[in-house]
Amino acid sequence: MTRTWLVTGGAGFIGSALVRRLLGDPTHDVRVVNVDKLTYAGHLASLGPVADDPRHHFHRVDICDAPALAELFARYRPDGVFHLAAESHVDRSIDAPAAFIQTNLVGTFTVLQEVRRYFDALGDALGDTFDAAGAAARRDAFRVVHVSTDEVFGALTLDTDARFDEASPYRPSSPYSASKAGADHLARAWHHTFGLPVIVTSSTNNYGPYHLPDKLIPLTLQRALAAQPIPVYGDGLHVRDWLHVDDHARALTRVMTHGRPGETYAIGAGQEHANLTLVHQICAILDDLRPDPAGPYARLVTHVADRPGHDRRYALDPSKLQRDLGWAPEVDFAAGLEATVRWFLANADWVRTVTKDRP
Ligand SMILES: NC(=O)c1ccc[n+]([C@@H]2O[C@H](COP(=O)([O-])OP(=O)(O)OC[C@H]3O[C@@H](n4cnc5c(N)ncnc54)[C@H](O)[C@@H]3O)[C@@H](O)[C@H]2O)c1
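The structure reproduced in this document is the subject of the present report. (Residues numbered from 1 in each chain as written. Predicted model: local features only at pLDDT ≥ 70, side-chain atom pairs only at ≥ 80, totals over all residues. Heavy atoms only, no water.)

### Regarding the nonpolar core
Point 1. Counting 29 residues, the largest nonpolar core has V7, L18, F82, L252 and L321 as its most contacted members.
Point 2. Among the secondary structure elements, those contributing two or more residues to this core are β1 (3–8), α1 (13–22), β2 (30–36), β5 (143–149), α8 (245–258), β11 (264–267) and α10 (319–325). (Core = buried A, V, L, I, M, F, W, Y, C linked by side-chain atoms within 4.5 Å. Buried < 20%, exposed > 50% of the residue type's maximum accessible area, 1.4 Å probe, protein only. Helix = DSSP H or I, 4+ residues; strand = E, 2+ residues; numbered from the N terminus.)

Structure representation (structure tokens):
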């Protein structure tokens, strides 16, 4: 039987990786309903590999638009929802937080309400196509995977190896992480109060192809190739745990098919690097792949005033996901970083497309 997944934010960095993965095997009997507003961060160009796939159904819809969501649920009758749509850039949340409150909180609330309406009706056999037993089986298997971030836990210090896990208390410190924390609380409340089969995932920083060039790794690449200063916040000793986006997409599909409703799963790669080290690694890879006659790219590294409230270190312990669902990261960081640099060098057209009409 065809499995239908509804993905919110499926034209963004992680969402598009997930959609490409869900549709990656042309023999799989799946449909993907991709719901995305196409903000500055969402681009159909990131879905190029699946653009002509008849199993991919893209809809330009705002997740705050309840009637539009209801219509899509009624039309496609999904077997599960991956909720990724969000405003996701910390710097933007400091400059203009309103959109973060609207999409991450009001939008998540709207998604949860519409999923709930649909899910409750699933048990009553939805009209013509399903018998009661079939509807009950679909209701049992239905899941909502709510995608969150390690940033909701606040900062770790540099003087310890401790990592956050599913039991860590929430201490968000930016408007972005506070809005994501609020969304997580809503998702859990809809499980606890209404019985919606929600699973929350929190992941560390992602990297990989199709990453918008205002995030650290692609920004460093673009600045280096343009011989412009490569900005590093403060002393550059802020540490992030870098997870390849394909490993994240594999984790999300595993959680959808094997995760337990009401549970939270932390997704981390155990690849902690200080921003400054990472930027120098990228410069060194570029020195090999596309040497600049003017000298090593590291000459462009420029320390700039630190971001307000900049968290020192994030890291997550993924033991539960490994133990309970058998997931482990597969992409080696050094190999994944070099492959990412090679991808950006080979896909300058994509970068031009996604940056040409920036607000
Ligand atoms: N990038 C990371 O390192 C990271 C790490 C952990 C968790 N996350 C979470 O994963 C999810 C995806 O992150 P990303 O990096 O792919 O983000 P992104 O900014 O690249 O993509 C977000 C997508 O959501 C869409 N969107 C925004 N507002 C919308 C709205 N109101 N209605 C419909 N669509 C809307 C955008 O058009 C875009 O396609 C987010 O929930 C984010 O909080 C990201």
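### With respect to the site of the ligand
Point 1. Taken together, 28 residues lie around the ligand, and I14, D36, S88, Y176 and K180 are the ones closest in.
Point 2. Between the ligand and the protein, one listed contact pairs an oxygen atom with a backbone N or O atom of F13 at 3.0 Å.
Point 3. In this structure, an oxygen atom belonging to the ligand sits 2.6 Å away from a side-chain N or O atom of D36.
Point 4. Expressed as a share of its isolated accessible area of 830 Å², the protein-covered part of the ligand is 96%.
Point 5. Looking at the shell around the ligand element by element, the count peaks at 3 residues for β5.
Point 6. Split into classes, the residues belonging to the shell around the ligand amount to 12 nonpolar, 12 polar and 4 charged. (Near = heavy atom within 4 Å. Polar contact = N/O pair within 3.5 Å; in protein donor to acceptor, adjacent residues only side chain to side chain. Areas by Shrake-Rupley, 256 points an atom, 1.4 Å probe, with all protein chains shown as cover. Nonpolar A, V, L, I, M, F, W, Y, C, P; charged D, E, K, R; others polar.)

### Some thoughts on the environment of E166
Point 1. By secondary structure assignment, the location of E166 is in the loop between β5 and α6 (175–194).
Point 2. Overall, the relative accessible area of 23% leaves E166 in the partly exposed class.
Point 3. Sequence separation between E166 and Y265 is 99 residues; the distance between their C-alpha atoms is 6.4 Å.
Point 4. A distance of 2.8 Å separates the side chain of E166 from the backbone nitrogen of A266, its partner in a polar contact.

### Some points on the packing of aromatic side chains
The relation between two aromatic rings is expressed through the spacing of the ring centres and the mutual angle of the planes.
Point 1. All chains considered together, the criterion is met by 16 aromatic pairs.
Point 2. Taking 5.7 Å as the distance between ring centres and 90° as the angle between the ring planes, the aromatic pair formed by Y210 and W350 counts as edge-to-face. In this pair, Y210 sits in the loop between β7 (206–207) and α7 (216–225) while W350 sits in helix α12 (residues 348–355), placing the two residues 140 residues apart along the sequence.
Point 3. Ring pairing ties together the aromatic residues F73, Y118, F119 and F142, which thus form one cluster.
Point 4. The ring centre of F119 lies 4.2 Å from the NZ or CZ of R139, which sits over that ring. (Phe/Tyr/Trp six-rings, centres within 6.5 Å; stacked < 30°, edge-to-face > 60°. Lys NZ or Arg CZ within 6 Å of the ring centre and 35° of its normal.)

### Topic: the pairing of β1
Point 1. Of all 6 residues in β1, 5 are buried; the element is thus mostly enclosed.
Point 2. Looking at chain direction, β1 and β2 are connected through 6 bridges and run parallel. Counted as the bridge partner of T4 is R31 from β2.
Point 3. Sheet topology note: the β1/strand β4 (residues 80–83) ladder contains 4 bridges and is parallel. If you follow V7 over to β4, its bridge partner there is F82. (Pairing = 2+ DSSP bridges.)

### Notes on the environment of T110
Point 1. One can find T110 in helix α4 (residues 98–122).
Point 2. With relative accessibility at 6%, the residue T110 sits in the buried group.
Point 3. Apart from residues no more than four positions distant in its own chain, T110 is found in contact with I63, C64, D65, A66 and L69. (Contact = heavy atoms within 4.5 Å.)

### Regarding the pairing of β4
Point 1. Side-chain alternation along β4 places G80 and F82 on one buried face and V81 and H83 on a second face that is also buried.
Point 2. Bridge count between β4 and β5: 4 bridges; the pairing is parallel. In the sheet register, G80 faces β5, and the bridge partner there is R143.

### Brief notes about unusual backbone geometry
Point 1. At Y210, a position not held by glycine, the phi torsion is positive, near 65°.
Point 2. Judged by its relative accessible area of 13%, Y210 falls in the buried class.
Point 3. With a phi angle near 55°, A227 is a residue other than glycine that sits in the positive phi range.
Point 4. Position of A227 among the secondary structure elements: in the loop between α7 and β8 (230–233).

### A word on the side chain of T253
Point 1. Within the fold, T253 resides in helix α8.
Point 2. Its relative accessible area of 14% is what places T253 among the buried residues.
Point 3. In this structure the side chain of T253 is engaged in a polar contact, spanning 2.8 Å, whose partner is the backbone oxygen of R250.

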